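Residues per chain, in single letters:
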Amino acid sequence: MPMYVALTYTADVDWTQPEQAEEMREYREFGRAAAAVIRGGHALYPTATATTVRVSSGEVLTSDGPYAETKEALTGFYLLECADLDEAVAVASRMPSARNGAVEVRPMIQF
C-alpha cells in the first residue's frame with residue numbers, strides 16, 4: 001500500500017509546555033482514531049532549536065534556526081499507509097493542524 005507523509009504546519013510553539021496540553025490531547029485522540037493507517041510520526045521542538053546544514057566546496061556549513069522564515073512552521077509529521085491520495089487527504093483533514101494551520105500530504109518514494 002502507498003505511504004504518505006503528512007507534514008503539519010502550525011504556530012511555532014513548544015508542545016512540551018503545559019499551555020499546549022489541550023491541543024496535545026486533541027492530537028492523541030486523532031492518533032487513536034487514525035491508528036489503523038499511522039505508521040509513525042512525532043511533534044517537533046520549536047524552530048529555534050533547528051540547525052540548517054549545507055555543504056559548499058566540501059565544507060560543512062551550519063546555521064542556527066530553520067531553513068525558511070514563515071508564519072507557520074513545520075511542527076510535526078505523520079507517516080500514513082493509505083490506499084491512495086484520497087484516503088491520505090481524508091485522514092489529514094481530521095488532524096488538529098488542519099483546523100489551526102495546514103497539513104501538506106506527499107507520497108513517499110520507497111528506496
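Whatever comes next refers back to the structure up there.
A few points on the structure. This is a predicted model, so every value here is computed, not measured.

### A look at the environment of Thr62
One can find Thr62 in strand β4 (residues 59–64). Exposure remark for Thr62: the relative accessible area of 54% places this residue in the exposed category. Residues contacting Thr62, with those up to four places away along its chain left out, are Thr51, Thr52 and Val53.

### Some thoughts on the pairing of strand β5 (residues 73–81)
The sheet contact formed by strand β1 (residues 3–10) and β5 spans eight bridges and is antiparallel. Each residue of the ladder has a partner; that of Tyr4, found in β5, is Leu80. Both strand β2 (residues 38–43) and β5 contribute to a ladder of five bridges, which runs antiparallel. Bridge pairing links Ile38 to Leu80 in β5.

### Structural notes on the sheet that holds β2
Pairing within the open sheet is antiparallel, and its four strands lie in the order β2-β5-β1-β6. The strands lining the two open edges of the sheet, one partner per strand, are β2 and β6 (102–107). Here the strands of the sheet are splayed against their neighbours by 20° on average, with no regard to which way each runs. Direction of pairing for β1 relative to β6: antiparallel, over a ladder of six bridges. Among the inter-strand pairings, Val5 is bridged to a residue of β6, identified as Arg106. Docked against the sheet, helix α2 (residues 85–92) engages β1, β5 and β6, running at close to 155° with respect to β6.

Conventions and cut-offs
Residues numbered from 1 in each chain as written. Predicted model: local features only at pLDDT ≥ 70, side-chain atom pairs only at ≥ 80, totals over all residues. Heavy atoms only, no water. Helix = DSSP H or I, 4+ residues; strand = E, 2+ residues; numbered from the N terminus. Buried < 20%, exposed > 50% of the residue type's maximum accessible area, 1.4 Å probe, protein only. Contact = heavy atoms within 4.5 Å. Pairing = 2+ DSSP bridges. Axes fitted to C-alpha atoms, helices over the stretch in contact; angles between N-to-C directions.

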